[in-house]
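Structural characterization, general
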Amino acid sequence: MNEHTSKKFDAELEGIRTRVLQMGGMVELQIVKAMEGLGGGDLLLIDQVIENDNRVNLLEIELDEACNQVIAKRQPTAVDLRMVSTVQKTITDLERIGDEAKKIAKGARRIHEHGNGALPRSADVRHVAEVAVGMLRQALDCFARLDAETAAEVIRTDAERAQPSSAFASIASGIPMNASGRASSRHCRSARLSMPGSTSTGTAPALNSANISRKNSGPGRTITTVRTPRPMPQAAS
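Residues numbered from 1 in each chain as written. Predicted model: local features only at pLDDT ≥ 70, side-chain atom pairs only at ≥ 80, totals over all residues. Heavy atoms only, no water.

**Quick notes on the pattern of salt bridges**
Evaluated as defined, the whole model comprises nine salt bridges. D47 is the salt-bridge partner of R109, the closest N and O atoms lying 2.7 Å from each other. One end of the pair, R109, is in helix α3 (residues 78–113); the other, D47, is in helix α2 (residues 43–74), with 62 residues separating them in the sequence. Judged by its relative accessible area of 26%, D47 is partly exposed. Here R145 makes a salt bridge to D147, at a shortest N to O gap of 4.0 Å. (Salt bridge = Lys/Arg side-chain N within 4 Å of Asp/Glu carboxyl O. Helix = DSSP H or I, 4+ residues; strand = E, 2+ residues; numbered from the N terminus. Buried < 20%, exposed > 50% of the residue type's maximum accessible area, 1.4 Å probe, protein only.)

**Here we look at the packing of aromatic side chains**
As enumerated under the stated definition, the model contains zero aromatic pairs in all. In this arrangement the basic side chain of R17 is found over the ring face of F143, its NZ or CZ atom lying 5.5 Å from the centre. (Phe/Tyr/Trp six-rings, centres within 6.5 Å; stacked < 30°, edge-to-face > 60°. Lys NZ or Arg CZ within 6 Å of the ring centre and 35° of its normal.)

**What to know about the environment of V20**
Within the secondary structure layout, V20 lies in helix α1 (residues 3–40). V20 gets classed as buried once you look at its relative accessible area, which sits at 0%. Sequence separation between V20 and T90 is 70 residues; the distance between their C-alpha atoms is 8.0 Å. Ignoring any residue separated from it by four or fewer positions in sequence, one finds V20 in contact with L63, V87, T90, I91, L94 and F143. (Contact = heavy atoms within 4.5 Å.)

**So, the confidence of the model for the protein**
Of all residues in the protein, 64% have pLDDT values of 70 or greater, and the mean over the chain is 77. When mean pLDDT is compared element by element in the protein, α2 scores highest at 96, while strand β1 (residues 212–217) scores lowest at 35. For residues 175–183, every residue scores under 50 in pLDDT, and the model assigns this stretch 23 contacts once sequence neighbours within four places are set aside. Per-residue pLDDT stays below 50 along residues 199–225; that stretch engages in 57 contacts with residues further than four places along the chain or on separate chains. (pLDDT = per-residue confidence, 0-100.)

Written out as structure tokens, the structure is:
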């Protein structure tokens, strides 16, 4: 692979990673809006979440096709192949989390259309949602930074909360939002394996963080997340 082709390949991979982070930000916002609709009964917001699920699904299809094109045309190896494989697993998980947000929105619509705005254990439901969104946010930040240490922490946290004896497990039992937390853990595990020097049991080297900025705007804590992917290390030629 000559230098020109190599640079073009690197640009393609970075473009795919950037779009994955955009998809992640969209899914994160879907969960937040679904929970706002559940708590506040805003039917317009609820319908927006349901309609936007099609955008999430479309992004997953486009990114999967982009990955297949990279594999067919570029035949990536080593670090690059692990990254493409991680992206394909990640977008599948993100699409599933988006489905969970849509389910929450549909449930919220049923509750509020029938005039029953009282949500059982509402404080507990909000707590589970905040934990799930926090884990997803951490997982996406790990992917942007290629931060194996934090990825391992998210996986450990998920394992602890999945224990039947934990308070979190007793609260989350039967609540769809728990699926988001589980999916983000799988995302982190895939991301950790894609990093140079990482194995399923070994410890990955420490990596520098990327620029990540967040801001709150608009009514009801609308989140805008900007994640800048950390440059991938170059594979040995």
